[in-house]
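# Coordinate analysis (summary)
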Amino acid sequence: MSGRPRRRLVLLLALAAGACGRGADVDRIPPDRLPAVAAAFHRGVGLMEQYRPAEAAAAFTEVVRLAPDWTPGRIDLGLALLNQDEPDSLSRAEEEFRTVLAADPDQPYALYPLGLICAHLGRREEARFLFERVLEVDPQDADSHYRLGILLQDEDPAAARRHYEQALELAPHHESACYRLAGLLRRQGEPERAGALLDRFRELQQAGAGVAAGLKYGEMGRYAAVLRRLPTPAAAETEPGAEQEPRLALSYRDEAAAAGLAAGPLADSPPPAVAVADVDGDLDLDLFLAGSGPTVGLFLAEGAGAWTPAAASPDSTGVLAARFADADGDGDPDLFLACAGRDRFYRNDGRGGFADATADSGLAGPEAASVAAVWADADHDGDLDLAVARRGAAPSLWRNDRDGGFTDTAAEAGLAGEAAALLFADLDQDRDLDLLLLRPEPPNGILLNDRAGRYHDGAASFPEAAAAPAGRG
């Protein structure tokens with residue numbers, strides 16, 4: 001196991017939020033050109049996300065003109081050119097990636113796409129060398145293993161098999177590796193395992209949860225996706241004796257009474273539950289409050305920092321956590337309440353009115369203390385699922401069935417044991433949401449997402465996160 005997945009959890013979460021990667025030294029951008037570079041860079045990124053590579057290439061060309069020594073701009077220009085259909089675009093892309101590698105020979109965002117170009121042009125040995133170089137830099141890159149499997153499949157089936165298997169170990173949702181390995185195993189006389197892999201391939205395809213490796217943008221691998229963030233410039237050093245800029249002094253005052261929210265203390269044990277969303281579609285943020293004080297229930301924003309109690313409110317009794325989300329995909333936020341006892345779920349009618357849909361949704365759960373809840377598309381099928389942590393009881397992972405109901409898949413997903421808090425994040429950087437269960441006492445649960453409702457234990461890959469002290473939702 002390489003050192004990459006053993007970073008501190010804070011860094012992992014930063015990477016999950018979309019770090020810029022290697023070569024992102026913004027100090028290589030001339031300071032007077034930084035605003036223009038940022039504007040062109042973000043325009044190019046947006047155009048690539050809209051699958052408009054020719055226009056993106058024009059934007060990134062401007063970035064390179066303004067900041068020729070800034071690596072991310074040149075990488076993104078190469079990727080935009082790679083995705084064009086122009087006759088000379090591949091040669092221009094190759095030139096950009098070779099320029100990057102001349103300055104940084106270990107840059108995977110240049111090695112990998114250059115490998116794709118060489119493979120496409122039939123330069124197989126060079127492509128093989130480049131993908132092997134990526135794995136020297138990042139042994140955890142499933143896509144490089146997959147590409148090597150393709151290159152070696154005819155001349156060295158045993159080596160190809162090893163690469164396909166490694167790709168699936170690193171990314172069990174890699175449907176293309178499932179399909180390729182199934183075909184290889186069938187030819188090698190292993191029909192049972194080949195059949196199991198084909199079943200997994202179909203499962204991933206039907207769920208829309210697999211990763212397909214192709215030659216169009218979004219399917220080529222993580223190192224063939226544009227870098228998306230312009231990093232913050234390093235703070236300038238202050239020379240000795242130089243006068244320092246005064247820091248902005250921040251102060252706060254309690255405005256709860258003026259806002260119509262001060263009818264008693266909210267801070268008590270258990271802590272208050274607070275959820276914020278525009279429930280009535282008037283572009284103001286409304287509040288749901290639950291806790292020990294009498295100021296509880298749904299409060300509608302009136303503008304100018306004031307809220308008034310809603311005419312009818314979801315029941316706030318026994319609520320330990322509250323989470324708004326558009327669970328049914330109708331464009332307005334619904335409300336889940338994690339409770340001491342059975343949980344409750346309310347559907348929004350689009351005008352800020354809520355109807356109790358607990359029974360219809362099946363989200364009541366067991367008689368237990370539900371202390372935390374998180375909405376996320378856990379199975380990557382385009383709708384929101386729900387994870388709930390409990391004291392003294394197992395968690396739930398509610399799969400959205402798209403018919404108004406939910407099914408608890410915690411047991412088949414491998415979720416077990418009480419938890420004080422939980423978090424979805426792409427811990428292993430394979431473009432899906434993994435799950436961190438913070439226990440009252442370590443070890444915490446680290447479940448790495450294999451897609452289509454499957455997870456595997458990732459504690460060995462993230463020992464510091466597994467041993468982190470107890471948290472609270």
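Residues numbered from 1 in each chain as written. Predicted model: local features only at pLDDT ≥ 70, side-chain atom pairs only at ≥ 80, totals over all residues. Heavy atoms only, no water.

## Observations concerning the overall build of the protein chain
Rule in force here: For the purposes of this entry, the term helix denotes a DSSP run of H or I that reaches at least four residues, the term strand denotes a run of E that reaches at least two, and both are numbered from the N terminus. Type-normalised accessible area, obtained with a 1.4 Å probe on protein chains alone, sets the label of each residue: buried when under 20%, exposed when over 50%, and partly exposed for intermediate values. Only heavy atoms enter the contact rule, under which two residues are in contact if any of them lie within 4.5 Å. Accessible areas in this description were obtained via Shrake-Rupley with a 1.4 Å probe; residue shielding takes into account the shown protein chains only.
Of the regular secondary structure elements, the protein chain holds 15 helices and 16 strands. Taking all 473 residues of the protein chain together, the buried fraction comes to 50%. In the protein chain, of all internal contacts separated by at least 6 residues, the share reaching a separation of at least 24 is 49%. For the protein chain, the exposed surface amounts to about 22700 Å²; the carbon and sulfur share of it is 52%.

## Describing the sheet that holds strand S1 (residues 273-277)
Note the threshold: A pair of strands is considered paired only if DSSP assigns at least 2 bridges between the two. A fitted line through C-alpha atoms represents every axis, and for helices the fit uses only the stretch in contact; the resulting angles, taken between N-to-C directions, go from 0 to 180 degrees.
If you trace the four strands from one edge of the open sheet to the other, you get S1-S2-S3-S4, paired in antiparallel fashion. Lying at the two open borders of the sheet, with one neighbouring strand each, are S1 and strand S4 (306-309). Recorded for the sheet is a direction-independent mean angle of 25° between the axes of neighbouring strands.

## Here we look at the pattern of salt bridges
Heads up, the rule is: Salt bridges are defined by distance alone: a side-chain nitrogen of Lys or Arg within 4 Å of a carboxyl oxygen of Asp or Glu.
Under the definition given, this model contains 27 salt bridges. We note a salt bridge from Arg52 to Glu55, for which the minimum N-O separation is 2.7 Å. When its relative accessible area of 32% is taken as the criterion, Arg52 is described as partly exposed. For Glu55, a relative accessible area of 40% corresponds to the partly exposed category. Residue Asp349 pairs with Arg351 through a salt bridge whose shortest N-O separation is 3.5 Å.

## Concerning the sheet that holds strand S16 (residues 454-457)
Spatial ordering of the open sheet is given by S13-S14-S15-S16, a layout of four strands whose pairing is antiparallel. Edge positions in the open sheet fall to strand S13 (421-425) and S16, since each of these has one partner strand only. When the angles between neighbouring strand axes are averaged without regard to direction, this sheet yields 25°. As judged from the four bridges shared by strand S15 (residues 445-451) and S16, these two strands associate in the antiparallel manner. Note on S16: the bridge partner recorded for Leu447 is Asp457.

## Some details on helix H3 (residues 53-66)
Just so we agree on the cut-off: Multiply 1.5 Å by the residue count of a helix minus one, and that product is the helix's expected span.
Spanning 14 residues, H3 covers 20 Å between terminal C-alpha atoms, matching the ideal 20 Å at 1.5 Å per step. When H3 is considered as a whole, its buried residues turn out to be Pro53, Ala56, Ala57, Ala59, Phe60, Val63, Val64 and Leu66. On its buried face, H3 is in contact with helix H2 (34-49) and helix H4 (71-82).

## A look at the pairing of S15
In terms of burial, S15 is largely enclosed, as seven of its seven residues are buried. Neither face of S15 is left uncovered, since the one carrying Gly445, Leu447, Asn449 and Arg451 and the one carrying Ile446, Leu448 and Asp450 both have all their residues buried. With three bridges connecting them, strand S14 (residues 434-438) and S15 associate as antiparallel partners. Across the sheet, residue Leu437 finds its bridge partner in S15, namely Gly445. Connecting the antiparallel pair S14 and S15 is a turn made up of six residues.

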